[in-house]
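Spelled out, the chains give:
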Amino acid sequence: MLEGDEDHETFDELTQAPPVQEWAFPPLEAGVSSDAFAVVAPKGGQGKTTIAINLATGLAEIAPNSVVLVDADLQFGDITAALALDPTRTIVDAVAAAAVDELVLKTALTHHEDGFFVVASAPSPELGDQVSAVALGTLIERLRHSFRYVIVDTTPGLGEHTLVALEHVTDAVFVTNMGVPGLRGMRKEFELLTALGLMPSNRHIVVNQTDKLSGLTMRDVENIIGAPVDVEVPRSSAVLLSSNRGVPLIHDDVRDPAAKAIRSLVLRIAPEAFPKRSRIQRRRRSNEPE
């Protein structure tokens with residue numbers, strides 16, 4: 001039992017968890033590789049978690065139950081709150097299981113009804129501090145053995161855990177808003193990662209919460225960060241509404257401009273991930289108040 005947390009499960013209790021539903025974990029087909037994405041932002045409040053959630057949602061349309069979203073913001077991760085999930089196990093359990101057995105690891109995941117799994121963030125900052133960067137890297141590698149897509153929502157900035165996550169992924173999704181501090185922070189991130197040799201070969205730059213009244217043009221943005229922008233996501237009140245409803249934006253309001261922009265990011269990564277409107281409509285109806 002972890003010191004100072006009498007309610008937290010012991011590892012023995014975790015290994016004795018109920019059997020996992022086998023239908024939920026189809027093995028990767030022979031020859032199919034796993035793609036892993038670190039979603040990174042220079043500062044908090046850039047919309048990084050929204051991008052991570054909707055990326056997982058979109059990819060789950062083409063790889064149902066073979067997508068896992070890891071909340072690696074170890075102190076203040078809020079993916080389960082944004083998805084209205086109530087997990088019984090968290091990343092603290094997952095890293096312990098990952099060091100031993102993949103089947104046990106799967107019992108530490110929480111399933112979302114849109115066809116993907118979540119590794120919930122630590123239940124408290126104190127427990128989050130017990131997850132080492134090396135353990136996070138091991139967890140990502142273990143998950144890549146079983147899932148077609150692994151999305152890691154990182155802690156803002158380039159701390160040790162985020163750097164280790166970048167070492168274990170194929171792609172990085174860099175997210176910033178149009179504020180000059182965030183844009184300059186992103187440029188510094190690019191310079192540091194290039195110097196360290198940690199820039200993933202596949203890079204996707206998302207400028208979030210774009211606004212014509214910001215005082216900057218997209219050309220200004222690209223000049224500040226020193227790189228072309230791949231996706232522009234306009235500011236939208238639908239983002240907050242979908243989060244409060246616990247529904248991913250691209251399934252909550254498919255017509256919203258922000259949802260369409262995020263969908264373009266999904267299609268950039270997986271061109272076959274066109275929205276299945278009948279499923280989305282059923283999903284929306286199931287969440288409407290009676």
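The structure under discussion appears in the preceding block.
For the structure given in this document, a descriptive report is provided here. Note that this is a predicted model, so its numbers are computed, not measured.

### Let's talk about the overall build of the protein chain
In terms of helices and strands, the protein chain carries 14 helices and 8 strands. Looking at the protein chain as a whole, 53% of its 290 residues are labelled buried. Long-range pairs, those at least 24 residues apart, make up 79% of the contacts in the protein chain with a sequence separation of at least 6. Counting only carbon and sulfur atoms, one obtains 50% of the accessible surface of the protein chain, whose full area is about 13,500 Å².

### Things to note about the packing of aromatic side chains
Considering all chains together, one arrives at 3 aromatic pairs under this definition. Here phenylalanine 37 and tyrosine 149 contribute two aromatic rings whose centre-to-centre distance is 6.3 Å and whose plane-to-plane angle is 35°, an arrangement assigned as tilted. Remark: tyrosine 149 occurs in strand E5 (residues 149-154) and phenylalanine 37 occurs in strand E1 (residues 35-40); sequence separation between them is 112 residues. Residues phenylalanine 37 and tyrosine 149 agree in their burial class; the two are buried. A cation over a ring is seen here: arginine 148 above tyrosine 149, with NZ or CZ 4.5 Å from the ring centre. For the cation-ring pair, arginine 203 lies above phenylalanine 190, with the distance from its terminal atom to the ring centre recorded as 4.7 Å.

### Here we look at the nonpolar core
Grouped together as the largest cluster of nonpolar side chains are 51 residues, with contacts concentrated most on Val70, Ile91, Val119, Leu139, Leu143, Val150 and Leu166. In terms of nonpolar packing, the next biggest core, distinct from the first, is built from 37 residues, Ile51, Ala60, Leu83 and Ile262 among them.

### With respect to the pairing of strand E7 (residues 202-210)
Where a strand is regular, its side chains alternate between the two sheet faces. Sheet topology note: the strand E6 (residues 171-176)/E7 ladder contains 6 bridges and is parallel. Following the sheet pairing, valine 173 is matched in E7 by histidine 204. Running through helix H9 (residues 180-196), the crossover from E6 to the neighbouring parallel element E7 is right-handed. Across 3 bridges, the pairing between E7 and strand E8 (residues 231-234) is parallel. Bridged to valine 207 within E8 is glutamate 232.

### A few points about unusual backbone geometry
Despite not being glycine, asparagine 65 shows a phi value in the positive range, around 60°. Checked against the element boundaries, asparagine 65 lands in the loop between helix H2 (48-60) and strand E2 (67-72). For alanine 84, which is not a glycine, the phi torsion comes out positive at approximately 55°. Position of alanine 84 among the secondary structure elements: in the loop between helix H3 (79-82) and helix H4 (91-98).

### Some remarks on the packing of H9 against helix H10 (residues 218-225)
At a closest axis distance of 8 Å, the pairing of H9 and H10 adopts a crossing angle of 40°. It follows that H9 is oblique to H10 by the angle criterion. Contacts from Val180, Leu183, Arg184, Met186, Arg187 and Phe190 of H9 reach H10 at Val221, Asn223, Ile224 and Ile225. When grouped by side-chain class, the residues that make up the contact of H9 with H10 number 7 nonpolar, 1 polar and 2 charged.

### Remarks on the pattern of salt bridges
Counted by the stated rule, this structure contains 8 salt bridges. Among the salt bridges present, the one from lysine 48 reaches aspartate 153, with a minimum N-O distance of 2.8 Å. With lysine 48 in helix H2 and aspartate 153 in strand E5, this residue pair connects regions lying 105 residues apart in the sequence. Accessibility classification places lysine 48 together with aspartate 153 in one group, the buried group. Notably, a salt bridge pairs arginine 142 with glutamate 102, separated by 3.8 Å at the nearest N-O pair. Residue arginine 142 is located in helix H7 (residues 133-144), and its partner glutamate 102 is located in helix H5 (residues 102-106); the two are separated by 40 residues in the primary sequence.

Calculation criteria
- Residues numbered from 1 in each chain as written.
- Predicted model: local features only at pLDDT ≥ 70, side-chain atom pairs only at ≥ 80, totals over all residues.
- Heavy atoms only, no water.
- Helix = DSSP H or I, 4+ residues; strand = E, 2+ residues; numbered from the N terminus.
- Buried < 20%, exposed > 50% of the residue type's maximum accessible area, 1.4 Å probe, protein only.
- Contact = heavy atoms within 4.5 Å.
- Areas by Shrake-Rupley, 256 points an atom, 1.4 Å probe, with all protein chains shown as cover.
- Phe/Tyr/Trp six-rings, centres within 6.5 Å; stacked < 30°, edge-to-face > 60°.
- Lys NZ or Arg CZ within 6 Å of the ring centre and 35° of its normal.
- Core = buried A, V, L, I, M, F, W, Y, C linked by side-chain atoms within 4.5 Å.
- Pairing = 2+ DSSP bridges.
- Right-handed = clockwise from strand over helix to strand, strands pointing away.
- Axes fitted to C-alpha atoms, helices over the stretch in contact; angles between N-to-C directions.
- Parallel < 35°, antiparallel > 145°, perpendicular 65-115°, else oblique.
- Nonpolar A, V, L, I, M, F, W, Y, C, P; charged D, E, K, R; others polar.
- Salt bridge = Lys/Arg side-chain N within 4 Å of Asp/Glu carboxyl O.

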